[in-house]
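# A structural walkthrough
Letter by letter, the chains look like this.
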Amino acid sequence: GLSGSGKTTLGWKLQSYLEDISIPNYIIDGDDARSFFENDLGYTLKDRKTNLKRILYGAHVLSKAGMFTIVCCIGPFEDVRKFAREKLLDYKEVYLKCGIDECIRRDPNGVYKKNVGKTDIIGLEIEFDAPKTPDLILDTKIESEKESFEKLLEFFHGIDRPLVKKNVSMMNSS
């Protein structure tokens, strides 16, 4: 989903839930990953895709080590989501659907306010490719945080090996 769609909020709730039921997990946030690499990449399409692939590699390594890996970052490109499906064994794509107007209204990190006119923003100047085949869609514009989280838990409890060594990616926001 776009920036402000609720990826990090739901990611932290999921992490807390997993800790409560003793499932080893780790959350990777897109902003933290950029910061770790000292913001060495810019915001060109190539740099954005490279950053996403770095994050996916981290998720791959953590998953192989037995961690339920939660990725909270904007994943606006269908080709990168396809790459994730090919590379990550238990990849599950969760799309947080929320229109740009609502995301701008929320703007929890000031992404829109700080960057309009300074850099291209996903959902404004850079098109966000709506996912073609997400495993789950959460409409965070109309659903409450609680409703979206309950649907997320219901989804993970309903798959083959519920809440065990799965990758969950909320990469579909900006």
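Residues numbered from 1 in each chain as written. Predicted model: local features only at pLDDT ≥ 70, side-chain atom pairs only at ≥ 80, totals over all residues. Heavy atoms only, no water.

What follows is about the confidence of the model for the protein chain. Low-pLDDT portions of the prediction should not be read for the details of their coordinates. Counting all residues, the mean pLDDT for the protein chain is 90, and 91% of those residues have values of 70 or more. For the protein chain, the element scoring lowest by mean pLDDT is strand β5 (residues 167-169), at 51; strand β4 (residues 136-139) scores highest, at 98. (pLDDT = per-residue confidence, 0-100. Helix = DSSP H or I, 4+ residues; strand = E, 2+ residues; numbered from the N terminus.)

This part takes up the side chain of Glu143. Along the chain, Glu143 falls in the loop between β4 and α7 (145-158). In this structure the side chain of Glu143 is engaged in a polar contact, spanning 2.7 Å, whose partner is the side chain of Ser148. Those residues in contact with Glu143 that sit more than four places away from it in its chain are Leu138, Ser148 and Lys151. (Polar contact = N/O pair within 3.5 Å; in protein donor to acceptor, adjacent residues only side chain to side chain. Contact = heavy atoms within 4.5 Å.)

Across its 20 residues, helix α3 (residues 45-64) extends 29 Å between first and last C-alpha, which sits within 8% of the 28 Å expected from 1.5 Å per residue. Regarding α3, the residues found buried are Asp47, Arg48, Asn51, Leu52, Ile55, Leu56, Ala59 and Ser63. At the C-terminal side of α3, Gly66 shows a positive phi close to 95°. (Expected span 1.5 Å × (residues − 1). Buried < 20%, exposed > 50% of the residue type's maximum accessible area, 1.4 Å probe, protein only.)

We now examine the state of the cysteines. Within this structure, the stated rule accounts for zero disulfides. As a non-bridged cysteine, Cys72 has Cys73 as the owner of its nearest cysteine sulfur, 7.9 Å distant. Among the residues examined, Cys72 registers a relative accessible area of 2% and is labelled buried. Among the cysteines around Cys98, which has no disulfide bond, Cys103 carries the closest sulfur, lying 3.7 Å off. (Disulfide = S-S within 2.5 Å.)

Time to look at the pairing of strand β2 (residues 68-72). With respect to burial, β2 is a largely interior element, five of its five residues being buried. Burial of the side chains of β2 extends over both faces: Phe68, Ile70 and Cys72 are buried on one face and Thr69 and Val71 on the other. Taken together, the five bridges between strand β1 (residues 25-29) and β2 define a ladder with parallel strand orientation. Among the inter-strand pairings, Ile27 is bridged to a residue of β2, identified as Ile70. (Pairing = 2+ DSSP bridges.)

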